[in-house]
Amino acid sequence: RRLGAPEGLANPVLWSIASAPDGEVWVGGSGGVAAWRDGRFERRVTGAQLPHPDAYSLLVERDQAWIGTRAGAAVLRHGRVTVPPALAPLRGAQVNGIVRDRARRLWFATTQGLFMLPPGGGAPRHYTAHDGLADTRVRVVHETADGRILLGTYRGLYEWRDDRILPLGRQTG
């Protein structure tokens, strides 16, 4: 079934989809973020509230939603969108993916490398070519069932292990 304007979707160009803990399905696209509820899309965030109008990636948690854009990230808490100081280093980076791992770290896959926010806040750790990435354009970050952190980049597959970035695969790319 195709869903669009008749169901309340403001713009049909979507970049991301995420399930919320309460069962809602959120979508991010050109012009902001909406949630599917009771057969309709309800706008949660307009594009004007974000660092860039395209909501390119989403992570929806119980009390907040992390929104990655083509120019950094923001967080929606209690109906208010902010860019906390910890997210300032992501300004200008396209945020392709956001993951919270079981150790409560927050990972951001970006065009400028991998960023990790430690549990409880603090400054983000930025991983780049200096840390082992052949290309800093990280497309996806994924936590496996056994807790490994994998990175898909434009130049291959990597694993974050013990604060290091290691290439994986027979030809490492």
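Below is a summary of the structure that appears in this document.

Cut-offs used in this document
- Residues numbered from 1 in each chain as written.
- Predicted model: local features only at pLDDT ≥ 70, side-chain atom pairs only at ≥ 80, totals over all residues.
- Heavy atoms only, no water.
- Helix = DSSP H or I, 4+ residues; strand = E, 2+ residues; numbered from the N terminus.
- Buried < 20%, exposed > 50% of the residue type's maximum accessible area, 1.4 Å probe, protein only.
- Contact = heavy atoms within 4.5 Å.
- Areas by Shrake-Rupley, 256 points an atom, 1.4 Å probe, with all protein chains shown as cover.
- Lys, Arg positive; Asp, Glu negative; His and termini not counted.
- Charge placed at Lys NZ, Arg CZ, Asp CG, Glu CD.
- Pairing = 2+ DSSP bridges.
- Axes fitted to C-alpha atoms, helices over the stretch in contact; angles between N-to-C directions.
- Core = buried A, V, L, I, M, F, W, Y, C linked by side-chain atoms within 4.5 Å.
- Salt bridge = Lys/Arg side-chain N within 4 Å of Asp/Glu carboxyl O.
- Phe/Tyr/Trp six-rings, centres within 6.5 Å; stacked < 30°, edge-to-face > 60°.
- Lys NZ or Arg CZ within 6 Å of the ring centre and 35° of its normal.

1. Observations concerning the overall build of the chain
In step 1: Each helix and strand counted, the chain has zero helices and 16 strands in total.
In step 2: Considering the chain as a whole, with its 173 residues, one finds that 47% of them fall into the buried category.
In step 3: When contacts within the chain are restricted to residue pairs at least 6 apart in sequence, those whose partners lie at least 24 apart make up 34%.
In step 4: Carbon together with sulfur atoms contributes 50% to the accessible area of the chain, which is approximately 9000 Å² in total.
In step 5: Taking the 23 positively charged and 16 negatively charged side chains of the chain as two groups, their mean positions are separated by 4 Å.

2. A word on unusual backbone geometry
In step 1: The phi torsion at His78 lies on the positive side, around 50°, for a residue other than glycine.
In step 2: With respect to the helices and strands, the residue His78 is situated in the loop between β7 (72-77) and β8 (80-82).
In step 3: At Asp163, a residue that is not glycine, the phi angle is positive and equals roughly 65°.
In step 4: Mapped onto the secondary structure, Asp163 falls in the loop between β15 (156-161) and β16 (164-167).
In step 5: For Asp163, a relative accessible area of 36% gives the class partly exposed.

3. Observations concerning the sheet that holds strand β14 (residues 149-153)
In step 1: Ordered in space as β13-β14-β15-β16, the four strands form an open sheet in which the pairing is antiparallel. The open sheet has two free edges, formed respectively by β13 (138-143) and β16, since each of these has just one partner strand. The average undirected angle you get between the axes of adjacent strands in this sheet is 30°.
In step 2: Sheet topology places β13 next to β14; five bridges connect them, and they run antiparallel.

4. Brief notes about the nonpolar core
In step 1: Counting residues in each nonpolar core, the largest one holds 15 residues, and the members touching the most others are Trp26, Val33, Val45, Leu50, Ile67 and Leu76.
In step 2: Within the residue set of this core, elements represented by two or more residues are β3 (32-37), β5 (55-60), β6 (64-69) and β7.
In step 3: By residue number, the principal contributor to this core is β5, which donates three residues.
In step 4: Residues in contact with Val33, not counting those within four places in the same chain, are Trp26, Val27, Gly28, Glu42, Arg43, Arg44, Val45, Ala55, Leu58 and Ile67.
In step 5: Listed in part, the 14 residues of the second largest apolar core include Ala109, Val141, Ile149 and Ile165.

5. Topic: the pattern of salt bridges
In step 1: Under the criterion given, the structure shown has 14 salt bridges.
In step 2: Between Glu61 and Arg100 there is a salt bridge, with the nearest N and O atoms lying 2.6 Å from each other. Of this pair, Glu61 sits in the loop between β5 and β6 while Arg100 sits in strand β9 (residues 95-100); the two residues are 39 residues apart in sequence, bridging distant segments of the chain.
In step 3: Put simply, Glu159 and Arg148 hold a salt bridge, and the shortest N to O gap is 3.0 Å. Taken as a pair, Glu159 in strand β15 and Arg148 in the loop between β13 and β14 lie far apart in primary sequence, eleven residues in all.
In step 4: We classify Glu159 as buried; its relative accessible area is 5%.
In step 5: Overall, Arg148 belongs to the partly exposed group, its relative accessible area being 33%.
In step 6: Where salt bridges share partners, they join Glu24, Arg37, Glu42 and Arg44 into one cluster.

6. Describing the packing of aromatic side chains
In step 1: Taken as a whole and judged by the stated rule, the model has four aromatic pairs.
In step 2: Here the aromatic rings of Trp15 and Tyr56 are separated by 5.2 Å at their centres, their planes lie at 45°, and the arrangement is tilted. Here Tyr56 lies in strand β5 and Trp15 lies in strand β1 (residues 14-19), a separation of 41 residues in the sequence.
In step 3: Judged by relative accessible area, Tyr56 falls into the buried class, the value being 12%.
In step 4: The side chain of Arg70 reaches across the aromatic face of Trp15, ending 4.6 Å from its centre.
In step 5: Positioned above the aromatic ring of Tyr127 is the side chain of Arg125, whose terminal nitrogen or guanidinium carbon lies 4.1 Å from the ring centre.

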